[in-house]
Amino acid sequence: MKTAIIGAGVIGLALGWRLAQRGVAVEIFEREVAGCGASHAAAGMLAAGCEAEPGEAALGVLSRESLALWPAFAAEVEAASGCEVGLRREGTLLVALNRDDAAKLRHDMAFQRSQGIVLEWLTPGEAREREPYLAPQLAGAVFSPDDIQVDNRALVAALVVAFRRAGGILHEGSPVSRVETGPGRVAGVVVGEAVHEADVVVVAAGAWSGGIDLPVARPPVRPVKGQMLAVQMDAAAPLVRHVIWAPKAYLVPRADGRLIVGATVEERGFDARMTAGGLYALLDGAWRAVPGIEDLPVIETWVGFRPGSRDDAPILGPTALPGLMLCCGHHRNGILLTPVTAAAMATTILDGTLDPRLAAFSAGRFERLRSAA
């Protein structure tokens, strides 16, 4: 069974690797270079607990299952590639800077605990024991021990190696213009003037998934712009050690001393420009939580495009055309959902039946919503 995957972000690479491990002939077609989209721009937070929200029950279950898979998944990727992926397990702090922030955190915590998520309320003093450089006006914090992080850029590099070592073929600089069909099913993908035959085609092109010419309705995926920046800490004495969620920004420390600050959420299409307002909002939000950030040099700024769907949940599984699969729309949860998405999609492709974990995430849910309306 020949499989073509459109898109070499972490989702496409992980799925291709899982299929190649099982002996499937897999080719991945990437419009630019592997991991250049949201996989490069992300912060790598694995926040299935502190991001759980009412109304997202199915997504919450899938997210927590994927989080539980992450330690073993990271170890397997490292063993297969010989590359570290930077999994860190210090946990996450959500900080409140005033009474209103604290009330919101307590409200959210009550719901999250009802879902079985482990969280601990910290007084300002207890929070500063974990992070001494937090703002002096702190009103409290929540500690989420199971919400961890991975270095997303290192993960991309490791998955490329693991995929190729398993026998997969990666085509970079190869944008797919359309999906080819045969009698009653998918037949391959078209790159330039060439047709690459395939028995299965998977659309995993992130925010660009909705722009590919498909023989069925295109997935309702749009780019959600995010501006981000990084400052440089002293790696031997870092200003921040945990992932920190502040009211207006999040901060993610890396082992090499980089501190990532993100991220704006903007409906501006594929506008890749950094703006003064975006940078100001990020720096101000980070400074209010960790004032010492003002002395750190800015070493990088960038824009990414989250692949947003209509309900911010992924679009996964078969389409009406046999052999054509969708694996896109992960919005801000692509890194978190990588292990479970790859496992469930690989099972669906290999067994020819829908993995139960994907049942709530088919593209058909949008048709059902329109019919109900």
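Our structure is the block above this text.
Residues numbered from 1 in each chain as written. Predicted model: local features only at pLDDT ≥ 70, side-chain atom pairs only at ≥ 80, totals over all residues. Heavy atoms only, no water.

Digging into the sheet that holds strand E4 (residues 92-96)
How we decide: Pairing between strands requires that DSSP locate at least two bridges from one strand to the other. Secondary structure elements follow DSSP: runs of H or I no shorter than four residues count as helices, runs of E no shorter than two count as strands, and numbering proceeds from the N terminus. Only the contacting stretch of a helix is used when fitting its axis, a line to C-alpha atoms as for every element, and angles between N-to-C directions run 0 to 180 degrees. Should any heavy atoms of two residues lie within 4.5 Å, those residues are considered in contact.
In spatial order, the strands read E5-E6-E4-E14-E15-E16-E13-E17; together these eight strands make up an open sheet with mixed pairing. Each of the sheet's edge strands pairs with one partner strand only, and the pair in question is strand E5 (120-122) and strand E17 (298-308). Pairs of neighbouring strands in the sheet enclose a mean axial angle of 20°, with direction left out of account. Relative to strand E6 (residues 140-144), E5 is paired through three bridges, and the arrangement is antiparallel. The residue bridging Trp 121 from the neighbouring strand is Val 142, located in E6. Most of the contacts of helix H4 (residues 99-114) go to E5, to which it runs at about 165°, and overall it touches E4, E5 and E6. Contacts from helix H7 (residues 276-289) reach E4, strand E13 (222-232), strand E15 (250-253), strand E16 (258-262) and E17, with the element oriented near 55° to E13.

Some points on the sheet that holds strand E19 (residues 324-328)
Ordered by their spatial adjacency, six strands build an open sheet running E8-E2-E1-E12-E19-E18, and the pairing between neighbours is mixed. Where the open sheet ends on each side, the last strands, each with one partner, are strand E8 (169-171) and strand E18 (315-318). Taking the axes of each pair of neighbouring strands and ignoring which way they run, one obtains an average angle of 20° across the sheet. As paired elements, strand E12 (residues 200-203) and E19 share three bridges and run parallel to each other. Counted as the bridge partner of Val 202 is Met 325 from E19. Lying over the sheet, helix H1 (residues 10-21) contacts strand E1 (2-6), strand E2 (25-29), E12 and E19, oriented at roughly 165° with respect to E2. Contacting E12, E18 and E19, helix H8 (residues 338-351) runs over the sheet at an angle of about 175° to E19.

Concerning helix H6 (residues 152-165)
Under the convention used in this document: In this scheme, a helix's expected span is set at 1.5 Å multiplied by one less than its residue total. Note on classification: 1.4 Å probe, protein chains only; a residue is buried when its accessible area is under 20% of the maximum for its type, exposed when over 50%, partly exposed between these limits. Nitrogen and oxygen atoms within 3.5 Å of one another constitute a polar contact, given that in protein one can donate a hydrogen and the other can accept it, and given that sequence-neighbouring residues count only through two side-chain atoms.
For H6, with 14 residues, the first-to-last C-alpha span of 20 Å sits near the 20 Å given by 1.5 Å per residue. Residues of H6 that are buried: Asn 152, Leu 155, Val 156, Ala 158, Leu 159, Val 160, Ala 162 and Phe 163. Two or three places before Arg 153, at the start of H6, stands the capping residue Asp 151, its side-chain oxygen 3.2 Å from that residue's backbone nitrogen. Two residues or fewer after H6 comes Gly 167, characterised by a positive phi angle close to 105°.

Points about the side chain of Glu 266
Along the chain, the position of Glu 266 falls in the loop between E16 and H7. Take Glu 266: its relative accessible area is 13%, and that puts it in the buried class. Only 2.6 Å separates the side chain of Glu 266 from the side chain of Thr 264, close enough to count as a polar contact. Once you skip the residues sitting within four places of it in the chain, Glu 266 turns out to touch Val 224, Lys 225 and Gln 227.

What about the state of the cysteines?
This is how the line gets drawn: A pair of sulfur atoms, both from cysteines and within 2.5 Å, is called a disulfide here.
Tallying each qualifying case throughout the model produces zero disulfides. Distance from the sulfur of Cys 36, which forms no disulfide, to the nearest cysteine sulfur (Cys 328) is 16 Å. Exposure remark for Cys 36: the relative accessible area of 29% places this residue in the partly exposed category. The thiol of Cys 327 is not disulfide-bonded; the next cysteine sulfur, from Cys 328, is found 7.2 Å away.

Some words on the packing of aromatic side chains
Stated formally: A pair of aromatic rings is counted whenever rings of Phe, Tyr or Trp (Trp by its six-membered ring) have centres within 6.5 Å, and the orientation is called stacked for planes under 30 degrees apart, edge-to-face for over 60 and tilted otherwise. Counted as over-ring charges are cases with an Arg CZ or a Lys NZ within 6 Å of the ring centre that also lie within 35 degrees of the ring normal.
In the structure shown here, the tally under the stated rule is six aromatic pairs. Among the aromatic residues, those joined into a ring-pair cluster are Trp 17, Trp 70 and Phe 73. We note Arg 106 situated over the ring of Trp 121; from NZ or CZ to the ring centre the distance is 3.9 Å. A cation over a ring is seen here: Arg 130 above Phe 143, with NZ or CZ 4.0 Å from the ring centre.

A few points about the pairing of E4
Of all five residues that make up E4, five are buried, and the element is covered over most of its length. Side chains Thr 92, Leu 94 and Ala 96 of E4 all project onto a buried face; the interleaved residues Leu 93 and Val 95 project onto the opposite face, where all are buried too. Pairing between E4 and E6: five bridges, direction antiparallel. From the neighbouring strand, Leu 93 faces E6, where its bridge partner is Phe 143. Pairing of E4 with strand E14 (residues 243-245) involves three bridges; the strand directions are parallel. Its bridge partner being in E14, Leu 94 is matched across the sheet by Trp 245.

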